[in-house]
Amino acid sequence: MKPKILVALWAVLLFLLSLSLLLGFWGNVVLSTILIFVIAVAKAFLVGAYYMRLKWEPWYILWILLGGVVCLFILYFALVPDIIRGR
Amino acid sequence: MALVGGYLAYLFRHQLAWPNEPVPGFGQVGPDQYNMFVTMHGTIMVFWVAMPILLSGFGNFLLPLMIGARDMAFPRLNRLSYWTFFLSTVVLIVSFFVPGGAFAGGWTIYPPLSAEPGYTGVVWGGNLWILAVALEFVSMLMGGINFMTTTLSLRAKGMALFRMPIFVWMINVASILFMFSVGPLIAGAFMLLADRTLQVGFFLPAAGGDPLLFQHLFWFFGHPEVYVLLLPALGIIAEILPVFSRKPLFGYRPIIYSTLIAGVLSFVVWAHHQFISGIDPRLAMPFSITTILISVPFAFSLFAYIATLWKGSISFSTAMLFALGMIAEFLLGGVTGIVNGSTAADIYVHDTYFVVAHFHYTLFPVTFLATFAGIYYWYPKLFGRFLSEFWGKVHFTLTLIGFNLAFLPLFSVGIAGHHRRIFDPSAFEFLHRIQHLHVLATVGLIILLTGQIPFILNFFLSLRRGRLAEANPWQANTLEWIAPSPPGHRNFETDPVVVRGPYEYSVPGAAKDWLSQGEAS
C-alpha cells in the first residue's frame, strides 16, 4: 500500500481522536459515551484493516482477531459480579 | 533450569519429611527460605521449564520441518525471542542473590501478600520476579506469532491444513491460547509492580483496591496456560503412538475439532481456581459446569490415542514407553481434576496436598514424560545418532517409580486435611499420623531426581558414541523424516511436495507398512 494512503489514514485517526476528546466536554453523558465507543470501534477497524493489513488477508485470520475480542468480553462480563457489583 | 527447580523441590520436600533437620547438600531450611523455595520451584517449573521446552523447543525445531518449510517465517524475531527469554532467565536467577532473596509469596503472586513488600520482607526479589515473567511472556508471544505465521504462510505444496500433523495443530492452538490469555496477566503484573513500587493500590484493600481482581487476571491467563503446556505434549504423543503401533492415528479430524472446542472452553473455566476465594457464588456454578465440560474433549483425545493402539503392532521403544506412561499418568491427573472442578468437593480439598498431587499428576506427565518421549523419538533426527535404549529404559523405570512414589501418597495427605503451605507439619498433632507419607514422598522424589542421571549421561555421551541413525530410522510418515539427520541449513535438500496425510500406516494393498507424507519435488 502507498505510504500516502497510510499518512491520510493517520490524519483521519487523529481527527477521530480529537472528536472523541471534544465529546468528553459535551453535556449529554450517555450519548457522548456511546459516540466515543462507536468512534473507538471505527478506529480499531481502520487500524486492523489497513495497518494490520487484515483487509487483504484470508478470512480465517480475521477469526483469530475476533477470538481475542470475544475473550475480552468473557473476561469483562465475568468480572462484573465480583469487581463492579461486589463493591 | 529443570535441575534448579528439582533441587528446590528436594530442599523443601526434605524439610517436610524430616522437619527442622539440616538438608544434606544445603543445611538448615528456615520458614522464609521454605516459602522462597516453594515459590521459585513453581515459577521455574511452569514458566522456565514446561513452556520453553514444549512450545519453543519442540516447536522451533519440528514445526518448520513438519510443514516442509525452509525456516521460520521471521528468523530474526526468533532470535530476538530467544535472547529476550535468556534475559528473563538472568533476571530470575539474579533475584536469588539480591538483598531479601527471591520472591516468597507463592508462584501465583496473589496480592495483598505480593502487593506490599513489607508482608514478605522481599522487596527486589518480587519486583525482579514480575519483570522476569513479563520478559518471558513477551518472548513467548514473539515465538507464538512466529509459529502461526510460519504455519499459515510457509507450508509446502500440498500441505493442506487437514494434512498437517497433529503436533503442528497443537502448537498453533497453544500459541493462539497464549496470545489471547497473556494480555490480562501482563497488564495485571505491571499493575502489581505499580502497587509495589508506587503504592498505587490497584489490589490493596486499604487503598481501595481489590485483590480478587488480580486473581481473575492471573487465572484468566493461568488456566489456558495449562492447555498451552498440555497441547504440545498431546501433539508429541500423537506423533509417537502411530509410529510404534504401525497404525493410523484414530480420529485425526475429531481430535483437531475437540482440541479447538477445548481451546474455546479453556477461556471459561478460570474461576474454578477461586471457588473459596470469596468470589460471587453465582459465578461458581457456571465455572463448575464448564470445568467438568472441558474434560470431554480431552477425554475424547486420550481415548482416541488409546484406540490407536487397538490391535496395533506395538513395539516398546523408550519413546513409546514414555508416551504410554504419559497417557496413564495424565489420566489419573484428569480424573482427580473432576474433584476440584466440583465446587462442593473443592471446598474440602482446596489448598490441601490433594491439589498438589492432582496438578503434579497433570503437569509432570505433560512436562516431563511427553518431553522425554519426544527427545527419545526425535534425537536421531536432531543429532543423527540414537540414544541408548537400555539406559533409556532404566531412566523410564526410575522416573515412573520415583514419580508415583513421590505424588501418590500426597492424595492421602491432602484428604487427611494437610494444608499445602505448612512449613513444619510436626507442629500440628493431627498430622503426626501421616508423617510417614511425607517420608515416602521424599524418598520417591530422591529416586525421581537420581533417575535423571542416566538420561543426562545418555544424552551427552550419545552425541559422540550413539549408534548412527539414517534419515528415517523409525519408518515414520511425517515430513521431518525425509530431511537429512541432522537437518542441514534450510532443512530439506529439495522442496518437499505433500501427497497424503501424516498417518498412513499399514494401508491395505501397499507394498510397505508406511507411506511417506512427502516426496522430493
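Residues numbered from 1 in each chain as written. Chains lettered and ligands numbered in written order. Predicted model: local features only at pLDDT ≥ 70, side-chain atom pairs only at ≥ 80, totals over all residues. Heavy atoms only, no water.

1. Points about the overall build of chain B
So, step 1. When its secondary structure is counted, chain B shows 15 helices and 2 strands.
So, step 2. Across its three principal directions, the C-alpha atoms of chain B cover 70 × 45 × 45 Å.
So, step 3. Looking at chain B as a whole, 60% of its 521 residues are labelled buried.
So, step 4. Within chain B, residue pairs in contact and separated by at least 24 positions form 80% of the contacts whose partners lie at least 6 positions apart.
So, step 5. Of the roughly 19900 Å² of accessible surface on chain B, 71% is carried by carbon and sulfur atoms.
So, step 6. Computing the positive centroid from 25 side-chain charges and the negative centroid from 23, chain B places the two 13 Å apart. (Helix = DSSP H or I, 4+ residues; strand = E, 2+ residues; numbered from the N terminus. Buried < 20%, exposed > 50% of the residue type's maximum accessible area, 1.4 Å probe, protein only. Contact = heavy atoms within 4.5 Å. Areas by Shrake-Rupley, 256 points an atom, 1.4 Å probe, with all protein chains shown as cover. Lys, Arg positive; Asp, Glu negative; His and termini not counted. Charge placed at Lys NZ, Arg CZ, Asp CG, Glu CD.)

2. Re the pattern of salt bridges
Residues and elements named next belong to chain B.
So, step 1. Using the criterion set out here, one finds 7 salt bridges over all chains in the structure.
So, step 2. Aspartate 280 serves as the salt-bridge partner of arginine 282, at 2.7 Å between the closest nitrogen and oxygen.
So, step 3. Arginine 282 gets classed as exposed once you look at its relative accessible area, which sits at 57%.
So, step 4. What makes aspartate 280 buried here is its relative accessible area of 12%.
So, step 5. A salt bridge links arginine 420 to aspartate 351; the shortest N-O distance between them is 2.7 Å. Residue arginine 420 is located in the loop between helix H13 (389–415) and helix H14 (435–450), and its partner aspartate 351 is located in the loop between helix H11 (343–349) and helix H12 (353–383); the two are separated by 69 residues in the primary sequence.
So, step 6. Aspartate 351 gets classed as buried once you look at its relative accessible area, which sits at 14%.
So, step 7. Overlapping salt bridges, with partners in common, bring together Asp351, Arg420 and Arg421 in one network. (Salt bridge = Lys/Arg side-chain N within 4 Å of Asp/Glu carboxyl O.)

3. Details of the packing of helix H2 (residues 31–67) of chain B against helix H3 (residues 75–94) of chain B
Residue and element names in this part refer to chain B.
So, step 1. Between H2 and H3, the shortest axis-to-axis distance is 12 Å and the interhelical angle comes to 165 degrees. The orientation of H2 relative to H3 falls into the category roughly antiparallel. The interaxial crossing formed by H2 with H3 has left-handed handedness. The segment H2 lies against H3, with Met40, Thr43, Ile44, Phe47, Trp48, Pro52 and Asn60 engaging Asn78, Phe85, Ser88, Thr89 and Leu92. (Axes fitted to C-alpha atoms, helices over the stretch in contact; angles between N-to-C directions. Parallel < 35°, antiparallel > 145°, perpendicular 65-115°, else oblique. Left-handed = near helix turned anticlockwise from the far one by under 90°.)

4. Digging into the nonpolar core
Residues and elements named next belong to chain B.
So, step 1. Within the largest apolar cluster, 179 residues are counted, with the highest numbers of intra-cluster contacts made by Phe137, Ile166, Tyr305, Met326 and Tyr377.
So, step 2. When residues of this core are assigned to their parent elements, the largest contribution, 22 residues, is made by helix H7 (residues 211–245).
So, step 3. When sequence neighbours within four positions are dropped, the list of residues in contact with phenylalanine 137 reads Phe47, Met51, Phe178, Val182, Leu185, Ile186 and Phe221. (Core = buried A, V, L, I, M, F, W, Y, C linked by side-chain atoms within 4.5 Å.)

5. A short note on the environment of leucine 449 of chain B
Residues and elements named next belong to chain B.
So, step 1. Assignment of secondary structure puts leucine 449 in helix H14.
So, step 2. Residues leucine 449 and glycine 402, 47 residues apart in the sequence, show an inter-C-alpha distance of 7.8 Å.
So, step 3. Leave out the neighbours within four places in its chain, and leucine 449 touches Gly6 and Tyr10.

6. Remarks on the confidence of the model for chain B
Residues and elements named next belong to chain B.
So, step 1. Looking at chain B, the pLDDT average stands at 91 and 100% of residues meet or exceed 70.
So, step 2. Averaged over each element, pLDDT in chain B is lowest for strand E2 (residues 518–520) (74) and highest for H13 (95).
So, step 3. Both scores are available for the predicted complex, with the pTM at 0.89 and the ipTM at 0.75. (pLDDT = per-residue confidence, 0-100.)

7. Quick word on the interface of chain B and chain A
So, step 1. Counting residues at the interface gives 21 residues for chain B, matched by 15 residues for chain A.
So, step 2. When chain B packs against chain A, close to 1500 Å² is buried across both sides, 76% of that on carbon and sulfur atoms.
So, step 3. In terms of surface lost to chain A, no three residues of chain B exceed Leu152, Phe180 and Phe220 of chain B, which account for 29% of the buried area on that side.
So, step 4. Here chain B is connected to chain A by 0 salt bridges.
So, step 5. Elements that contribute at least two residues to the side of chain B that touches chain A include exactly helix H6 (166–198), H7 and helix H9 (281–309) of chain B.
So, step 6. Tallying contributions element by element places H7 of chain B first for the side of chain B that touches chain A, with 5 residues. (Buried area = accessible area lost by both parts, 1.4 Å probe.)

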